[in-house]
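Breakdown of the fold
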Amino acid sequence: MSEDGAAVLDVKDLRTVFETAQGAIHAVNSVSFDLRPGELLGVVGESGSGKSVTMMSLIGLLGTTAATVDGAHVNFDGMDLLRVTEDELRAVRGAGIGFVFQDPMTSLNPVFTVGFQLMEPLRNHMGMTTREARQRAVELLELVGIADAEKRLSDYPHQFSGGMRQRVMIAMALSCDPKVLIADEPTTALDVTIQAQILELMKELRHKLGMAIVWITHDLGVIAGIADRVMVMYGGQIVELAPVIELFKNPQHPYTRALLQTVPSVRGSRAERLRVIQGQPPILFSPPQRCSYSARCNHAFDRCLAADPARISVGDGHDVACFWDPETGEPR
Amino acid sequence: MSDAGASPLVQVRGLKMHFPIYAGIFRRHVGDIKAVDDISLDIRESETLGLVGESGCGKSTAGRAVLRLYDITGGSITVDGTDISDIDKEKLRHLRPKMQMIFQDPQASLNPRMTVAGIIGEPLVEHMSLSRAERLERVYELMDAVGLNRSFANRYPHEFSGGQRQRIGIARALALHPKFIVCDEPIAALDVSIQAQVVNLLEDLQEQFGLTYLFISHDLSMVRHIADRVAVMYLGKIVELAPRDELYGAPLHPYTQALLSAVPEPDPVRESQRKHIILTGDVPSPSNAPVGCNFCTRCPRAEQICHEIEPEFRQVDKGRYTACHFVGDTAIKTAEPTVGETVKP
């Protein structure tokens, strides 16, 4: 799939299954993608589409109790993350792949100072002394735009506002110079004016640090502003993958098209009536035997119910998993 | 404040809702959180007034205060000709059927131990004397109206998805034929594809039953879709109130301009060309609001006067109200154009 062999992260055929009391839930079904150096890959989908689980699966953040992660490979930095020991994975998390979570309120520990939490990975992963770690922590806070960084190190998370806490989380994820940063809905819990600040910060940091970023969100507006490529997920699968301008200009999958139409805007023309995607996202009690979107799709026909469409290329770097061709309005 | 035409269904004048802060071992009263501080607005019959703002600006408190779910600190509220500012609980109870509320979190606002029929029927038990059969008939009617299958009547809330639960909450609010409904972030907890379903339902019901909505939301694009007029709140005060197209087309107050500018555009080409206004800093605490204009600490246009004198909330154009020293009869037209056109950065 990757034309250039230099992908920093290469995921092939990833599958995640949760064992629940109601039966097995197939949350991620045969997901393959690559992440190129320095690019920002946006991941869009509704809750339950498997976007977070995919990313957590590949760095072993799901725990082993209920989840089974399997796949062909997840290549990162010369390792297959599906086949390394827990200790090696631990070293990758933080140092190789940084993670920013959605909710800055609950992902910082309230009983430790921000400085202590920032310095912890520096000492564990980078082998810094306390003094060096402190120095670096100040630099990091300054990098993410926190004024009075030196003083703020001894503050507790509750003394920071939501936007500031998210900045701390970003600083933490950046602390060990990761090659890849996975940001899981990092601005969803924030107000729009604060979100605009964080987006601006991320654009700036990207150019400064040159790392590859995976940005998970359900907000197409956010994606439009920052992503290079976008991957749309539905029912634990990638239904469409394309460069950002191509995706917005020429969406191929009925789900992507519907998503783009349901979202109202604050600018431009105003629709009298919102377009609706009828029905609910599926709960995946079995691996897909048919197109997972077929129950909500206006264009579904017999083939969609008989088989799960494979991902095919429809243009330069543009993949879609659908039997229906929007150009002709006919099956492909 | 009231414009030409029919008298408004809801009239709010100088509404204040302050929450006291007690501190020290004697629990002395040391200050107030001024969640809502002197707001005035009218809501006309059958219209939707959007109330937008960021978290902590007091929009939900304002919505609850308008329904007298709090004992308000000051000001007056008139709903359908009755002044409800300081009437007692019993009288208020008799007025409740007229004014209802739809809550944000359909998970938390439905009793998990009651069936759907029980939840929707509870207001009927409280306020009307219907026989069991009549009540069930009304519950079925309501379930039809909000698009819930009648056969679900005996199920419990946990068996439903978020969108369906919000439909249950809406059916409950409609049970007593209300005139006025406060919708407090009714779609915030829902997925994008489900949000549109609920918003369309609210619009249909408004048309069908002639409802008047106060639609509270932080989602500016959804408010643009549903509201006829929009009020923007910042730190307990309304900074701008205008008809929808005017507000989104040419916002006057610097905060409104920044807020609209902050909403990303779902179009990568336009988004990359658009000029962004990035506000610095955070919203100050409502217990310690700045002297002068509330917005002066973050305003890109702030001058000396803004730090000294609080701007008056006044009409600057037909139906357009704002509280800013720099917006006057010669309204500044430096606003970021938000309709159609884009600006090179």
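Keep in mind the model is a prediction, meaning the values are calculated, not measured. (Residues numbered from 1 in each chain as written. Chains lettered and ligands numbered in written order. Predicted model: local features only at pLDDT ≥ 70, side-chain atom pairs only at ≥ 80, totals over all residues. Heavy atoms only, no water.)

Some points on the environment of L35(A)
Residue and element names in this part refer to chain A. Here is the rule: For helices the rule is a DSSP run of H or I covering at least 4 residues; for strands it is a run of E covering at least 2, with both sets numbered from the N terminus onward. The contact definition used throughout considers only heavy atoms, calling two residues in contact when any of these lie within 4.5 Å.
Looking at the element boundaries, L35 is found in strand β2 (residues 23–35). Remark: the alpha-carbon pair of L35 and A7, spanning 28 residues in sequence, is separated by 5.5 Å. Excluding residues that lie within four positions of it along the chain, L35 makes contacts with A7, V8, L9, L41, V180, A212, I213, V214 and R229.

Observations regarding the pattern of salt bridges
Residue and element names in this part refer to chain B. Spelled out, the test is: A pair is scored as a salt bridge if a Lys or Arg side-chain nitrogen falls within 4 Å of a carboxyl oxygen belonging to Asp or Glu. For every residue, the accessible area obtained with a 1.4 Å probe (protein chains only) is divided by the maximum for its type, and the residue is called buried under 20%, exposed over 50%, and partly exposed between those limits.
Inspection of the entire model under this criterion finds 40 salt bridges over all chains. Across the pair E185 and K59 runs a salt bridge, and its minimum N-O distance is 3.7 Å. Of this pair, E185 sits in the loop between β7 (180–184) and α6 (192–209) while K59 sits in helix α1 (residues 59–66), placing them 126 residues apart in sequence. Each of the two residues, E185 as well as K59, counts as buried.

Structural notes on the nonpolar core
Note the cut-off: In this description, a nonpolar core means a group of buried Ala, Val, Leu, Ile, Met, Phe, Trp, Tyr and Cys residues linked to one another through side-chain atoms lying within 4.5 Å.
In this structure, I170(B) and L220(B) are the most contacted members of the largest nonpolar core, which totals 72 residues. Top contributing element to this core by residue count: α6(B), with 7 residues. Sequence-distant contacts of I170(B), that is, excluding residues within four places in its chain, are made with I102(B), V146(B), V198(B), L201(B), L202(B) and L205(B). Judged by nonpolar contacts, the second largest core, of 63 residues, contains F160(A), A171(A), A183(A) and I223(A).

Examining helix α2 (residues 86–95) of chain A
Residue and element names in this part refer to chain A. Operational definition: Think of it as the arc spanned by the lines of direction from the helix axis to the C-beta atoms.
Inspection of α2 places L89, V92 and R93 among the buried residues, and these make up the whole buried set. Seen along its axis, α2 keeps its buried residues to an arc of 100 degrees; they face one direction. Those residues of α2 that are exposed and angled more than 90 degrees off the buried face are D87 and R90. Those residues of α2 that are buried lie in contact with β5 (73–76), β6 (79–80), β7 (97–100) and α3 (114–126).

Let's talk about the sheet that holds strand β8 (residues 212–217) of chain B
Residue and element names in this part refer to chain B. Applicable threshold: Any two strands with at least two DSSP-identified bridges between them are counted as paired. Axis definition: a line fitted to C-alpha atoms, limited for helices to the stretch in contact. Angles are taken between N-to-C directions and run from 0 to 180 degrees.
If you trace the 8 strands from one edge of the open sheet to the other, you get β6-β7-β8-β3-β9-β10-β12-β11, paired in mixed fashion. Each edge of the open sheet carries a strand with a single partner, namely β6 (99–102) and β11 (314–317). In this sheet, neighbouring strand axes are inclined to one another by 20 degrees on average, regardless of whether the strands run parallel or antiparallel. Alignment of strand β3 (residues 48–52) against strand β9 (residues 229–234), held across 4 bridges, turns out to be parallel. Bridge assignment links L49 to a residue of β9, and that residue is R229. Here helix α5 (residues 162–174) sits on the sheet in contact with β6 and β7, set at roughly 175 degrees to β6. Where helix α9 (residues 254–262) meets the sheet, it contacts β9 and β10 (237–243), and its direction lies at approximately 100 degrees from that of β9.

Quick notes on the pairing of β7(B)
All names here are of chain B. The cut-off we apply is this: Think of it like this: strands point away, you trace from the first strand over the helix to the second, and a clockwise trace means the crossover is right-handed.
Most of β7 is tucked away: 5 of the 5 residues are buried. Alternating positions in β7 separate into two faces, F180, V182 and D184 on one and I181 and C183 on the other, with burial throughout. With 4 bridges connecting them, β6 and β7 associate as parallel partners. Pairing of M101 across the sheet is with V182, part of β7. Taken together, the 5 bridges between β7 and β8 define a ladder with parallel strand orientation. Paired with C183 across the bridge in β8 is F215. Regarding topology, α6 serves as the crossover connection from β7 to the parallel β8, and that connection is right-handed.

Examining the sheet that holds strand β4 (residues 74–79) of chain B
All names here are of chain B. Taking strand neighbours across the sheet as the criterion, the 4 strands line up as β2-β1-β4-β5 in an open arrangement whose pairing is antiparallel. Of all the strands in the sheet, the pair left with one neighbour each is β2 (28–43) and β5 (82–83). Across 12 bridges, strand β1 (residues 10–23) lies against β2 in antiparallel orientation. By the bridge assignment for β2, V12 is matched with L41. Sheet strands in contact with α1 are β1, β2 and β4, and its direction is about 115 degrees off that of β1.

Some remarks on the confidence of the model for chain B
All names here are of chain B. As a reminder, the rule being used: Every residue gets a pLDDT, meaning the predictor's confidence in that residue, from 0 to 100.
Mean pLDDT over chain B works out to 90, with 93% of the residues at or above the 70 mark. When the criterion is pLDDT under 50, residues 329–345 qualifies, and its contacts beyond four places in sequence or with other chains add up to 31 contacts. Predicted as a complex, the structure gets a pTM of 0.87 and an ipTM equal to 0.82.

Remarks on unusual backbone geometry
All names here are of chain A. Its identity as a non-glycine residue notwithstanding, D13 has a phi of 60 degrees, on the positive side. With respect to the element layout, D13 can be found in strand β1 (residues 9–20). Look at D13 and you get partly exposed, because its relative accessible area is 22%. At S30, a residue that is not glycine, the phi angle is positive and equals roughly 55 degrees.

Description of the side chain of D184(A)
All names here are of chain A. Inclusion rule: We score Asp and Glu as negative and Lys and Arg as positive, and we do not count His or the chain ends.
Summarising the element assignment, D184 is placed in strand β8 (residues 180–184). Notably, D184 is buried but unbridged: the nearest opposite-charge side chain belongs to K51, and the N-O separation is 6.4 Å. Residues contacting D184, with those up to four places away along its chain left out, are S52, F99, V100, F101, Q102 and I216.

Re the interface of chain A and chain B
Filter applied, for reference: Defined here as a combined quantity, buried area equals the accessible surface (1.4 Å probe) lost by two parts on assembly, summed across both. In the analysis that follows, any N or O atom pair within 3.5 Å is treated as a polar contact, provided that within protein one partner can donate a hydrogen and the other can accept it, and provided that, for residues neighboring in sequence, both atoms belong to side chains.
Between chain A and chain B, the residue contacts involve 41 residues of the former and 43 residues of the latter. Across the chain A to chain B interface the summed buried area is about 3800 Å²; carbon plus sulfur atoms make up 55%. Put simply, chain A and chain B have 3 salt bridges between them. Here E203(B) and R273(A) are joined by a salt bridge, their closest N and O atoms 4.0 Å apart. Taken together, the links from chain A to chain B amount to 23 residue pairs in polar contact (both at pLDDT 80 or more). Where the side of chain A that touches chain B is concerned, the elements lending two or more residues are α7 (192–209), α8 (220–226), α9 (244–249) and α10 (254–262) of chain A.

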